[in-house]
Amino acid sequence: MTIAAGFRCLDGILVGADSRLESGDVKYDEDKTFIVPSKRSDFIVVVTGSGDFEAIQHCVYLLDGSFFKQCDGSLSSVAGEIRKFSDSKAYRKLVDSLEAHLKPDLLFGVRSANGEADLLHLFDNKLHRVREYIAVGAGHSTAMFFSKWLYRPDFDIEGFAPLAAQIFRAVKGTHVGCEGSTMLHRLCNGVNEDTRIVPC
């Protein structure tokens, strides 16, 4: 199971997920956040989500290998490439082959080539811009409940990051399978580097 969430802050985006994976009786930790495209450095897209982990990895592989090549790095161009991906035969085949609870429910934290950050959500083939915050996966209702009380749009990333960590802790404390460390990425407006935070 997974809990993934994204938050729009005054100066950028926070997006992250827990790290627990299970295979039969074996539990282990693995980073469930991915950075694409690997061959470009002018913009960054952090991908995470819930659903079948191998399906999410395959989505990242498809995105990294076949999309963003003609992208000019603007927010609209990045969103356009994600829309093309969601309409592609490879993505449709993947999604259609999975049971409903295994379908990838994806979050995208984006920082454009000119330093603007955005938060997008893709489920099935519906892509939309997240206005404030979103949570997907097991425990998403708990995350949304705590976000309702802790989130304020005028918080900057530095101020809200500890509260985001508390939201993840609340979910991990009440939902079996949402465990391990939390990998949070902050995508600050105008800053060219991704900073990963690993809350306690």
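Residues numbered from 1 in each chain as written. Predicted model: local features only at pLDDT ≥ 70, side-chain atom pairs only at ≥ 80, totals over all residues. Heavy atoms only, no water.

Visitor: What's the story with the packing of helix 1 (residues 53–66) against helix 3 (residues 89–96) in this structure? I'm lost.
Guide: Helix packing geometry: the angle between the two helix axes and the distance between the axes. Packing of helix 1 against helix 3 brings their axes to within 11 Å, and their N-to-C directions diverge by 175°. What the angle tells us is that helix 1 and helix 3 run roughly antiparallel. Contacts between helix 1 and helix 3 involve A55, H58, C59 and L62 from the former and A90, Y91 and L94 from the latter. Taken together, the residues of the contact of helix 1 with helix 3 sort by class into 6 nonpolar, 1 polar and no charged. (Axes fitted to C-alpha atoms, helices over the stretch in contact; angles between N-to-C directions. Helix = DSSP H or I, 4+ residues; strand = E, 2+ residues; numbered from the N terminus. Parallel < 35°, antiparallel > 145°, perpendicular 65-115°, else oblique. Contact = heavy atoms within 4.5 Å. Nonpolar A, V, L, I, M, F, W, Y, C, P; charged D, E, K, R; others polar.)

Visitor: Can you help me understand the pairing of strand 8 (residues 117–123) in this one?
Guide: Residues in a regular strand project their side chains so that they alternate between the two faces of the sheet. Of all the 7 residues making up strand 8, 6 are buried; the element is thus mostly covered by neighbouring parts of the structure. Where strand 7 (residues 105–111) meets strand 8, 7 bridges bridge the pair, whose relative direction is antiparallel. Across the sheet, residue D105 finds its bridge partner in strand 8, namely F123. Hairpin remark: strand 7 followed by strand 8, antiparallel, with 5 residues in the connecting loop; positive phi at G115, about 85°. (Buried < 20%, exposed > 50% of the residue type's maximum accessible area, 1.4 Å probe, protein only. Pairing = 2+ DSSP bridges.)

Visitor: Whenever I open this one, a nonpolar patch on the surface confuses me. Can you help?
Guide: A contiguous nonpolar patch, built from F145, F146 and W149 and spanning about 340 Å² of accessible area, is present on the exposed surface. Note on placement: F145 falls in helix 4 (residues 140–150). (Patch = residues over 30% accessible without salt bridge, like charges linked within 9 Å, V, L, I, M, F, W, Y side chains within 5 Å. Areas by Shrake-Rupley, 256 points an atom, 1.4 Å probe, with all protein chains shown as cover. Salt bridge = Lys/Arg side-chain N within 4 Å of Asp/Glu carboxyl O.)

Visitor: Just to check I follow, could you spell out the pattern of salt bridges for this structure?
Guide: A side chain with one charge can pair with a side chain of the opposite charge if their charged atoms come near. All chains considered together, the criterion is met by 7 salt bridges. Linking K32 and D18 is a salt bridge whose minimum nitrogen-to-oxygen distance equals 3.2 Å. On the criterion of sequence distance, the pair formed by K32 in the loop between strand 4 (26–29) and strand 5 (34–36) and D18 in strand 2 (residues 12–18) is long-range, its members being 14 residues apart. Given a relative accessible area of 2%, K32 falls into the buried group. On the basis of relative accessible area, D18 is assigned to the buried category, the value being 0%. A salt bridge links R92 to D124; the shortest N-O distance between them is 3.0 Å.

Visitor: Please explain unusual backbone geometry as it appears in this structure.
Guide: Most peptide bonds adopt trans geometry, and most residues besides glycine take a negative phi value. Cis geometry is adopted by the peptide bond preceding P37, which originates at V36 and carries an omega value of -10°. Along the chain, P37 falls in the loop between strand 5 and strand 6 (44–50). Even without glycine at this site, F68 takes up a positive phi of about 75°. Within the fold, F68 resides in the loop between helix 1 and helix 2 (75–87). Among the residues examined, F68 registers a relative accessible area of 1% and is labelled buried.

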